Amino acid sequence: MKRTLLVLITSAVAIGACATGGTRSGVDPNLDETRWRGDPRLYHMLLPYPITAEQQDSVSVYASEHGEATNYLLAEAAADVHAPVVVRVNALFVLAQRRADTHMHVFRSALDAEDVHIRATAVAAMRQFAVTHPREAVGIARMALSDSEGDVQAQALQV
């Protein structure tokens, strides 16, 4: 329990640094909208970490406007290597909340991401699918057990 809390706090601090331009030059090149593949409006909704209730409401309004395409657009954001890490993390989180089981491949692909926060979030999201899609959730958790980062392995064990 203490380790999980420590992992979450450490992740929040690290992701917060990315969201506030915590790079050496003070400018995060990932915030360059011209490099993003997806919808900039959605990306801006997903930018704050942790995602706030206000942003979740915005995503809900966005979902009512875009209907079935919302999960596809969230999956695109989660997979966009040019998107800020916080956008990708929040997109995975929202996809899991929405129980977007048709996009399980996005969670699997996120295990190959360079950033540990993306990998850990993809695995942690499997808790949302453990009851409804146990085979897929356990499969992704098993894959994550071989990750080099202890944080990702810890999330896998919790699934």
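For the structure, see preceding data.
Residues numbered from 1 in each chain as written. Predicted model: local features only at pLDDT ≥ 70, side-chain atom pairs only at ≥ 80, totals over all residues. Heavy atoms only, no water.

Participant: Is there a simple way to explain the nonpolar core in this structure?
Facilitator: What tends to happen in soluble globular proteins is that the nonpolar side chains get buried as a cluster. Ranked by size, the top nonpolar core spans 45 residues in total, and within it Leu46, Leu92, Phe107 and Met126 carry the most contacts. Per element, the largest residue contribution to this core is 9 residues, and it comes from helix α5 (residues 85-97). In this structure, Met126 is in contact with Met104, Phe107, Glu136, Ala137, Ile140 and Val159, ignoring residues within four places of it in sequence. (Core = buried A, V, L, I, M, F, W, Y, C linked by side-chain atoms within 4.5 Å. Buried < 20%, exposed > 50% of the residue type's maximum accessible area, 1.4 Å probe, protein only. Helix = DSSP H or I, 4+ residues; strand = E, 2+ residues; numbered from the N terminus. Contact = heavy atoms within 4.5 Å.)

Participant: What should I look at first to understand the pattern of salt bridges in this one?
Facilitator: According to the stated counting rule, one finds 2 salt bridges in the structure shown. Of the charged contacts in the structure, one is a salt bridge between Arg41 and Glu65, with a shortest N-O distance of 2.8 Å. Placement of Arg41 in helix α2 (residues 40-45) and of Glu65 in helix α3 (residues 53-66) is noted, with a sequence separation of 24 residues between them. Note on Glu65: relative accessible area 48%, which makes it partly exposed. Residue Arg119 is joined to Asp147 by a salt bridge in which the shortest nitrogen-to-oxygen separation is 2.7 Å. With Arg119 in helix α7 (residues 116-124) and Asp147 in the loop between α9 (134-144) and α10 (150-158), the pair connects residues that are 28 residues apart, well separated along the chain. (Salt bridge = Lys/Arg side-chain N within 4 Å of Asp/Glu carboxyl O.)

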